[in-house]
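Letter by letter, the chains look like this.
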Amino acid sequence: MARTNEELVAMAQHASLPNYRPPPFVLSEGRGCRVSDVEGNEYLDFSGGIAVLSVGHAHPKLAEAIGRQAARLMHTSNLFYNDRAIELAAQLVERTAFDRVYFANSGTEANEALIKLARRWHHEHGRPERVELVAAEKSFHGRTMGALTLTGQPKYHVGMGPLVGGVKHVPFGDLDAMRAAVGDTTAAVMLEPVQGEGGLVVPDPEYLRAVRALCDERGALLFFDEVQTGFGRTGTFMGAEHSGVVPDACSIAKGMGGGFPVGAILVREALADGLPPGAHASTFGGNPLACAAGLAVLSIFDEEGLVENARAMGDRLGAGLEELAAAHGCVSEARGLGLLRGVRLQGVDPLAVYARLRDQHKMLASIAGGDVLRFAPPLNVTAADIDEALERVGALLAEVSQPAAGLGAEVAP
Ligand SMILES: Cc1ncc(COP(=O)(O)O)c(C=O)c1O
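Now for a quick tour of the structure. Computed from a predicted model, the values in this text were never measured in an experiment.

Rules behind the numbers
- Residues numbered from 1 in each chain as written.
- Predicted model: local features only at pLDDT ≥ 70, side-chain atom pairs only at ≥ 80, totals over all residues.
- Heavy atoms only, no water.
- Salt bridge = Lys/Arg side-chain N within 4 Å of Asp/Glu carboxyl O.
- Helix = DSSP H or I, 4+ residues; strand = E, 2+ residues; numbered from the N terminus.
- Buried < 20%, exposed > 50% of the residue type's maximum accessible area, 1.4 Å probe, protein only.
- Phe/Tyr/Trp six-rings, centres within 6.5 Å; stacked < 30°, edge-to-face > 60°.
- Lys NZ or Arg CZ within 6 Å of the ring centre and 35° of its normal.
- Contact = heavy atoms within 4.5 Å.
- Pairing = 2+ DSSP bridges.
- Expected span 1.5 Å × (residues − 1).
- Polar contact = N/O pair within 3.5 Å; in protein donor to acceptor, adjacent residues only side chain to side chain.
- Axes fitted to C-alpha atoms, helices over the stretch in contact; angles between N-to-C directions.
- Core = buried A, V, L, I, M, F, W, Y, C linked by side-chain atoms within 4.5 Å.
- Domains from an automatic or database assignment.
- Near = heavy atom within 4 Å.
- Areas by Shrake-Rupley, 256 points an atom, 1.4 Å probe, with all protein chains shown as cover.
- Nonpolar A, V, L, I, M, F, W, Y, C, P; charged D, E, K, R; others polar.
- Parallel < 35°, antiparallel > 145°, perpendicular 65-115°, else oblique.
- Left-handed = near helix turned anticlockwise from the far one by under 90°.

Thoughts on the pattern of salt bridges
Thinking step 1. Under the counting rule described, the total for this entry stands at 23 salt bridges.
Thinking step 2. Put simply, R268 and D248 hold a salt bridge, and the shortest N to O gap is 3.9 Å. In this pair, R268 sits in the loop between β10 (263–267) and α9 (288–304) while D248 sits in the loop between β8 (221–225) and β9 (249–252), placing the two residues 20 residues apart along the sequence.
Thinking step 3. You can call R268 partly exposed: its relative accessible area is 30%.
Thinking step 4. The salt bridge partner of R344 is D371, with a shortest N-O separation of 3.0 Å. Linking R344 in strand β12 (residues 340–345) with D371 in the loop between β14 (366–368) and β15 (372–375), this pair joins segments that are 27 residues apart in sequence.
Thinking step 5. Look at R344 and you get partly exposed, because its relative accessible area is 30%.
Thinking step 6. One continuous salt-bridge network, built from bridges that share partners, spans R34, D385, E388 and R392.

If you want it as structure tokens, here you go:
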């Protein structure tokens, strides 16, 4: 007999480290924008696996491509070329402003590669003093030690020191602070085109253009972390396209495999000598199975026009959230770009609101920046799904605006 939510949660709590605190049900199936637990309870999934599910749950073409590749060639290691990685790299180069690709397995790993590339590239060019990295406050770049050091949120650093060193943080959007931080020892500046985990902070495109000019003037590299914003999430293939800025390199992951773990860095030709043979490697990076998933995602994007859909559905979601923000005092503003959207809550406990949306309205979202209820649905979300989501969020906000809502405190997702 199938196990219940309760039985499985008890097993999970027994055998897993307590670093996550998920709600007490166990997901086991998904299709498009919907997921259900082992007891058949269905949820409208606007958490999108934290902005990963670019083609929705269980897309038949992605599932088929992964199955076919698994039966053909799953792994080669980096000792050999494989046809899927070559094909995916060629497509990424063709679709972006970059010339070279290195494959990783996650966002944080891609960022580690960028950190190493920045330092090693300057070293190769006779500038060994250029080791410093400048990143933004409230940024998020991952949990491995280098990416963690870049992450401009002290709460993630607690008890993890000593950190990597050589990293300065400046307020996001503050050009004067950036000017004061970038100098003769700067290797690279790292920014997110939209701060995702920091609370969906969309910068003035002029700021990004000015940082580009500053980096050029001072001999520092500019990197964008597109782990969350890349692969159509903001309604353009890469988030950088909104500002027209071309960084020297960027990291991608999340939406790239549609749920299959894969990441990469995309690099301009001038930096290609920054990772000479032996300078960096990954056993699994560029694995044919992961690259087959990436190729399937790209072909689904083309066949179904998903970048365009992300823009159109993002506009619809954004307009609806603006209306809800105007109607409800517990929302201070609607934020975001494309299908990376949210509402900033005020005067209510964001975690309790998030939990109520899930438990009472059967809709999944996530919290960003502590007080932003974030929606990152699949890029193939339909207008009907968006309208349904807006209805559920509207009903939620109407309830939590009542003084008697009785929202209790919850633990962070
Ligand atoms: C902008 C950004 N960079 C890096 C990461 C880390 O990615 P991963 O969890 O795949 O290591 C995240 C994850 O949320 C992210 O949003």
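Considering the packing of aromatic side chains
Thinking step 1. All chains considered together, the criterion is met by six aromatic pairs.
Thinking step 2. Put simply, the rings of F231, F237 and F301 touch in pairs and so form one group of aromatic residues.
Thinking step 3. For R127, the ring lying beneath its charged end belongs to W121, and the centroid distance is 5.0 Å.

A short note on the side chain of H157
Thinking step 1. One can find H157 in the loop between α6 (145–150) and β6 (167–170).
Thinking step 2. Beyond its immediate chain neighbours, meaning those up to four positions away, H157 contacts L148, T149, T151 and L163.

Re the sheet that holds strand β13 (residues 363–364)
Thinking step 1. The strand order across the open sheet formed by four strands is β1-β2-β3-β13, and the pairing between neighbours is mixed. The sheet terminates laterally at β1 (27–31) and β13, the two strands that pair on one side only.

Points about helix α11 (residues 350–361)
Thinking step 1. Here α11 spans 15 Å end to end across 12 residues, near enough to the 16 Å set by a 1.5 Å rise per residue.
Thinking step 2. Of all 12 residues in α11, nine are buried; the element is thus mostly enclosed.
Thinking step 3. Buried within α11 are the following residues: P350, L351, A352, V353, Y354, A355, L357, R358 and H361.
Thinking step 4. With a side-chain oxygen positioned 3.0 Å from the backbone nitrogen of L351, the residue opening α11 is D349.

Quick word on the sheet that holds strand β4 (residues 100–104)
Thinking step 1. Here seven strands make up an open sheet; going across it, the order is β4-β10-β9-β8-β7-β5-β6 and the pairing mixed. Edge positions in the sheet fall to β4 and β6, since each has one partner strand and no second. For this sheet the average axis-to-axis angle between neighbouring strands, irrespective of direction, equals 20°.
Thinking step 2. By the bridge criterion, three bridges tie β8 to β9 in an arrangement that is parallel. If you follow D225 over to β9, its bridge partner there is S251.

Side note on the nonpolar core
Thinking step 1. Within the largest apolar cluster, 83 residues are counted, with the highest numbers of intra-cluster contacts made by M178, L191, L373 and F375.
Thinking step 2. It is α9 that contributes the most residues to this core, nine residues altogether.
Thinking step 3. Structurally, this core is a two-domain feature, drawing no fewer than three residues from each of domain 1 (5–59 + 305–405) and domain 2 (73–304).
Thinking step 4. If sequence neighbours within four positions are ignored, L373 has contacts with R341, G342, V343, L345, V353, Y354, L357, A365, S366, I367 and L396.
Thinking step 5. In terms of nonpolar packing, the next biggest core, distinct from the first, is built from 21 residues, L114, M190, L221 and A249 among them.

Description of the environment of H361
Thinking step 1. When you line up the elements, H361 lands in helix α11.
Thinking step 2. Between the C-alpha atoms of H361 and A51, which are 310 residues apart in sequence, the distance is 20 Å.
Thinking step 3. Leaving out residues up to four positions away in the same chain, H361 has contacts with R356, R392, A395, L396 and E399.

With respect to the site of the ligand
Thinking step 1. The immediate surroundings of the ligand are formed by 13 residues, with G107, T108, D225, Q228 and K254 found nearest.
Thinking step 2. In the environment of the ligand, a nitrogen atom lies 3.4 Å from a nitrogen or oxygen atom belonging to the backbone of F140.
Thinking step 3. Surface burial for the ligand is 82%, taken as the share of its 390 Å² of free accessible area covered by protein chains.
Thinking step 4. Sorting elements by how many residues they give to the shell around the ligand places helix α5 (residues 107–124) first, with three residues.
Thinking step 5. Looking at the shell around the ligand residue by residue, the classes come out as two nonpolar, seven polar and four charged.

Structural notes on the packing of helix α10 (residues 306–327) against helix α12 (residues 383–401)
Thinking step 1. Contact geometry of α10 with α12 gives a least axis separation of 10 Å together with a crossing angle of 20°. Considering their axes alone, α10 and α12 lie roughly parallel with respect to each other. By crossing handedness, the relation of α10 to α12 is classed as right-handed. Of the residues in α12, those touching α10 at M313, R316, L317, G320, L321 and L324 are A383, I386, D387, L390, V393, G394 and L397.
Thinking step 2. When the residues that make up the contact of α10 with α12 are grouped by side-chain class, the tally is nine nonpolar, two polar and two charged.

Regarding the pairing of β10
Thinking step 1. In terms of residue burial, β10 counts as a mostly covered element, since five of its five residues are buried.
Thinking step 2. Alternating positions in β10 separate into two faces, G263, I265 and V267 on one and A264 and L266 on the other, with burial throughout.
Thinking step 3. By the bridge criterion, five bridges tie β4 to β10 in an arrangement that is antiparallel. Considered in β10, the bridge of Y102 is made with I265.
Thinking step 4. Two strands pair when backbone bridges link them, and β9 and β10 are joined in this way by four bridges, in the antiparallel orientation. Note that in β10 the partner of S251 across the bridge is I265.

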